[in-house]
Amino acid sequence: MERSLFARQPSVLVFIGLLALFTIVITILSEGFGLGIVSTSFIKILGKTLCLCLIAIAMDLVWGYCGILSLGHFAFFGLGGYMIGMWLMYERTKDIVIASLSGGELPATPEEITEAIGTQIFGVVGGAEIPVVWYFADSLFAQLLLVVLVPGLLALVFGWLAFRSRVTGVYLSILTQAMTLALSLYLFQNDSGLRGNNGLSGLQNIPGLTEVSQSVVSAWFFLASALALGLGYLVAAWVVSGKFGNVIRAIRDDEARIRFMGYPVEAYKLVVFTLTAVIAAIAGALYYPQAGIINPAEIAPIASIYLAVWVAIGGRGRLYGAVIGAATVSLLSSWFTGGQAPSIPLGFYTIDWVDWWQVLLGLGFVLVTLFAPKGIGGLFDRLVRKDAAS
Amino acid sequence: MSALLEVTSISVSFDGFKAINNLSFEIGGQELRAIIGPNGAGKTTFMDIVTGKTRPDEGRVRFGEPQLDLLRLSESQIARAGVGRKFQRPTVFEAQSVRDNLTMALSNDRLPFAVLRYKPSKEDDGRVSALAEEIGLSGELDRTAGELSHGQKQWLEIGILLAQEPKLLLVDEPAAGMTLGEREHTTDLLRRAAETRAVVVVEHDMEFVRRLDCKVTVLHEGSVLAEGTLDHVTANSDVIDVYLGR
Ligand SMILES: Nc1ncnc2c1ncn2[C@@H]1O[C@H](COP(=O)(O)OP(=O)(O)OP(=O)(O)O)[C@@H](O)[C@H]1O
Ligand SMILES: [Mg+2]
């Protein structure tokens, strides 16, 4: 009795429908393509939020379904961003350099161009040479491939070492944090070849599309993010809907038992860990062109912990819970920390939300853990079930 | 004819305490065997060694035809080679349906990419129904395993084992916490299973062992104290001293 994905998981259809509706409405209201009611900066916030929802789905897959509490998926997200950022920055600098050198008597030689690009990009870290890691930066195709390959390989090697040694539970979480911290510290160094703490910037400018206004570019990125989220959701739903999903849930619930049933648990974990790292990397590659800048602080260990908090607040093991959690928390976060939330003067003290938002988030997390252990998604499920029962 | 499982002179100690002491054990291809012994005799540890959970300090464990050295295989490889195990505490996947529990256990390809592409076939559905029938859970296929009674969970676990089509079945205290009727059903299940494969049952309950009506091995302090029919071993004075006399 074979049934389609949608029959097995009706929520997938609902999710895709809502996402499509949301995307169309926002596009119509956008400055780039429509009525101009939704500002370009808000489109960017929404587009970035969709990317965060995508990495939250990855987190739900690896943690909510497979039980691996990875506190390192933002490292993959950041690496994805760096990989696409290299192309964006290189090509744009190249265009600028060529334009500025074209005023000379003789046409600039390739060496002169390369040298000028090197000085432009790496001057801030006292270099002029283009580091070897930028070898493919001239090729969009190669860098797109690296978006998938670099984080994918890192996850594969890390996962292979960790799972093979049967590192589980809190020890694995600590190990993923250590990996994240090491990567972030490495990138902070000026000689890492990725501009140290300056990171990569100007990523919102798409090479070759300098004539196109940001309102249009941001609308396209918004659409691309929505598409990626939709596809990511479908892939994740497909992965968890069949027997594979049952096996990884079984790994989460009783790893030893499923091993005695003959399933190579480590191989499953490795597949899920690597797949979700790649999804996270794709999300990052879409996020940072909308953010405009990436630097090593983005990969700080705390970011990956927040990711787990979003998924916990949204409700683990139900995919849409992760989306609800990520969207709610990140939108609230940008509202509170963006200076839009009115400060509350108490006379003796003024509650400034930029500082107090963190406290609010922490409290929210505690409340959800205490009163809705299945997260917002769990409350949601209860409502739906009540409806169905009545 | 050589034995299906040949355990030769295994020993294992935990922090200096010898849980298994120079134990040898053999079982043929279609045999039902009961292992009895007082608490801490090493019965569960013996199963841990055969299934790869615990590595012995010395000794050999050979299985199947051609012979495999089980000590060189991982838990999942041993399971795929044809050793199925039921744990002392019933462990089924409570969050999943009875059907999903059984489908996962069916002896299909277990590697991730094959499982990702898996589509339930008519044949597999048939096997699941037949198994459910066998373990008396036909009516519960679509219920969540967590909702089953204690006895039903034990049967589901036996069903999970049968689904794997193992050549050797290791069953640790299957009747614990069961009502009399449930015990009888369990005895039938195990005896039927032993018609086509080797089954080793660890059990404390003498009545249960009597109903199994098979050769009995008595373990004590990590080695074999006596072996034979139930009447034979219960007449043995050593056995009476350590086990029955209490
Ligand atoms: N992993 C371990 N670490 C330390 N000691 C262990 C370990 N596993 C078993 N033991 C000890 O080895 C001895 C044999 O234990 P085992 O569980 O095999 O006994 P058993 O015959 O199954 O007993 P029961 O009838 O109570 O189930 C016990 O004294 C137990 O405490
Ligand atoms: Mg025991």
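Residues numbered from 1 in each chain as written. Chains lettered and ligands numbered in written order. Predicted model: local features only at pLDDT ≥ 70, side-chain atom pairs only at ≥ 80, totals over all residues. Heavy atoms only, no water.

Visitor: How would you summarise the overall build of chain B if you had to cite specific residues and measurements?
Guide: From N to C terminus, chain B includes ten helices and ten strands. The globule rule puts the C-alpha radius of gyration for 246 residues at 18 Å, and the 18 Å found for chain B is close to it. If one aligns the C-alpha atoms of chain B with their principal axes, the spans along those axes are about 55 × 40 × 40 Å. In chain B, which comprises 246 residues, the share counted as buried stands at 55%. Here chain B displays about 10600 Å² of accessible surface, and carbon together with sulfur accounts for 47% of that area. (Helix = DSSP H or I, 4+ residues; strand = E, 2+ residues; numbered from the N terminus. Rg over C-alpha atoms; globule rule 2.2 N^0.38 Å. Buried < 20%, exposed > 50% of the residue type's maximum accessible area, 1.4 Å probe, protein only. Areas by Shrake-Rupley, 256 points an atom, 1.4 Å probe, with all protein chains shown as cover.)

Visitor: Tell me what's going on with the coordination of the magnesium ion (ligand 2), and back it up with residues and numbers.
Guide: Residue and element names in this part refer to chain B. Each protein donor to the magnesium ion (ligand 2) is listed here as Thr44 (OG1) and Gln88 (OE1); together their distances run 1.9 to 2.5 Å. One end of the pair, Thr44, is in helix 1 (residues 43–50); the other, Gln88, is in the loop between strand 6 (83–86) and helix 3 (98–105), and 44 residues separate them in sequence. Assessed through its relative accessible area of 28%, Thr44 is described here as partly exposed. Of the residues examined, Gln88 reaches a relative accessible area of 38% and is grouped as partly exposed. (Donors = N, O, S within 2.8 Å, 3.2 Å for Na, K, Ca; no water.)

Visitor: Mind laying out the pairing of strand 1 (residues 5–14) of chain B, listing which residues take part and the relevant values?
Guide: Residues and elements named next belong to chain B. Pairing of strand 1 with strand 2 (residues 17–27), which is carried by seven bridges, proceeds in the antiparallel orientation. Each bridged residue has a counterpart across the sheet, and for Leu5 the counterpart in strand 2 is Ile27. Adjacent in sequence and paired antiparallel, strand 1 and strand 2 are bridged by two residues, among which Asp15 carries a positive phi angle near 50°. Examined bridge by bridge, strand 1 and strand 4 (residues 58–63) share five bridges and lie antiparallel to one another. Among the inter-strand pairings, Val7 is bridged to a residue of strand 4, identified as Val61. (Pairing = 2+ DSSP bridges.)

Visitor: Report on helix 13 (residues 320–337) of chain A, specifying residues and quantitative values.
Guide: Across its 18 residues, helix 13 of chain A extends 25 Å between first and last C-alpha, which sits within 8% of the 26 Å expected from 1.5 Å per residue. Remark: Gly339 of chain A follows helix 13 of chain A within two positions and exhibits a positive phi of approximately 85°. (Expected span 1.5 Å × (residues − 1).)

Visitor: Describe in detail the nonpolar core, supporting the description with residues and values.
Guide: With 166 residues, the main nonpolar core has Trp134, Phe244 and Ile258 of chain A together with Leu156 and Val199 of chain B as its most contacted residues. Leaving out residues up to four positions away in the same chain, Trp134 of chain A has contacts with Met86, Tyr90, Ile121, Phe122, Gly193, Leu194 and Leu200 of chain A. By size, the runner-up hydrophobic cluster in this structure holds 28 residues, among which are Ile20, Val50, Leu73 and Leu170 of chain B. (Core = buried A, V, L, I, M, F, W, Y, C linked by side-chain atoms within 4.5 Å. Contact = heavy atoms within 4.5 Å.)

Visitor: Let's hear about helix 11 (residues 265–291) of chain A: which residues, and what values?
Guide: Since there are 3.6 residues in each turn of an α-helix, residues three or four apart along the chain are aligned in direction. Residue and element names in this part refer to chain A. Taking 1.5 Å per residue, 27 residues should reach 39 Å; helix 11 reaches 38 Å between its end C-alpha atoms and fits that length. Burial of helix 11 is extensive: 23 of the 27 residues sit out of reach of the surface. Once helix 11 finishes, Gly292 follows within two positions and takes phi at roughly 90°, a positive value.

Visitor: Go over the sheet that holds strand 5 (residues 68–69) of chain B, please, and point to the residues and values.
Guide: Residues and elements named next belong to chain B. The strand order 2-1-4-5 describes an open sheet built from four strands, whose pairing is antiparallel. A strand with exactly one partner marks an edge of an open sheet, and here the two such strands are strand 2 and strand 5. Each of strand 1, strand 2 and strand 4 touches helix 1; the most contacted strand, strand 1, lies at about 115° to it. (Axes fitted to C-alpha atoms, helices over the stretch in contact; angles between N-to-C directions.)

Visitor: So what's going on with the site of ligand 1? Residues and values would help.
Guide: Residues and elements named next belong to chain B. In the neighbourhood of ligand 1, 14 residues make up the surrounding shell, with Asn39, Lys43, Thr44, Thr45 and His204 lying closest. In this structure, Gly42 approaches ligand 1 through a main-chain N or O atom, which is 3.0 Å from an oxygen atom. At 2.8 Å, a side-chain N or O of His204 approaches an oxygen atom of ligand 1. Relative to its unbound accessible area of 630 Å², ligand 1 is 63% covered by the protein chains. Only strand 2 and helix 1 provide two or more residues apiece to the shell around ligand 1. For the shell around ligand 1, the element with the most residues is helix 1, which contributes three residues. By residue class, the composition of the shell around ligand 1 is five nonpolar, seven polar and two charged. (Near = heavy atom within 4 Å. Polar contact = N/O pair within 3.5 Å; in protein donor to acceptor, adjacent residues only side chain to side chain. Nonpolar A, V, L, I, M, F, W, Y, C, P; charged D, E, K, R; others polar.)

Visitor: Can you tell me about the confidence of the model for chain A, naming the residues and giving the values?
Guide: When pLDDT is averaged along chain A, the result is 91, and 98% of the positions lie at 70 or above. Ranking the elements of chain A by mean pLDDT puts helix 1 (residues 5–8) of chain A last with 76 and helix 11 of chain A first with 98. (pLDDT = per-residue confidence, 0-100.)

Visitor: Please provide a residue-by-residue account of the packing of helix 4 (residues 73–101) of chain A against helix 7 (residues 169–188) of chain A, values included.
Guide: The description of two helices packed together rests on the angle between their axes and the distance between the axes. Residue and element names in this part refer to chain A. Two elements in contact, helix 4 and helix 7, have axes whose closest approach is 10 Å; the angle formed by their N-to-C orientations is 30°. It follows that helix 4 is roughly parallel to helix 7 by the angle criterion. On the side of helix 4, the interface is formed by Ala75, Phe76, Leu79 and Tyr82, while helix 7 contributes Met179, Thr180, Leu183 and Leu187. Residue composition of the contact of helix 4 with helix 7, by class: seven nonpolar, one polar and no charged. (Parallel < 35°, antiparallel > 145°, perpendicular 65-115°, else oblique.)

Visitor: I'd love a proper account of the layout of surface pockets, names of residues and values included.
Guide: All names here are of chain A. One number sums up the size of the second largest pocket: a volume of about 690 Å³. Every residue lining the second largest pocket is counted, 24 residues in all, and those nearest its centre are Leu52, Tyr287, Glu298, Trp310 and Ser333. If one sorts the elements of the lining of the second largest pocket by residue count, helix 13 sits on top with five residues. The residue makeup of the lining of the second largest pocket, split by class, is 14 nonpolar, eight polar and two charged. (1 Å grid on protein atoms, 1.4 Å probe; cavity = no way out; pocket = protein on both sides within 12 Å on 5 of 7 lines; lining within 4 Å. Points joined across faces, edges and corners; volume = space filled by probe spheres on them.)

Visitor: Give me unusual backbone geometry: which residues, what numbers.
Guide: Omega for the peptide link from Glu65 of chain B to Pro66 of chain B comes to 0°, which places this bond in the cis form. Phi is positive for Arg166 of chain A, close to 55°, though the residue is something other than glycine. Mapped onto the elements, Arg166 of chain A comes out in the loop between helix 6 (140–164) and helix 7. Look at Asp15 of chain B: it is not a glycine, yet its phi comes out positive at around 50°. Its location among the elements puts Asp15 of chain B in the loop between strand 1 and strand 2.

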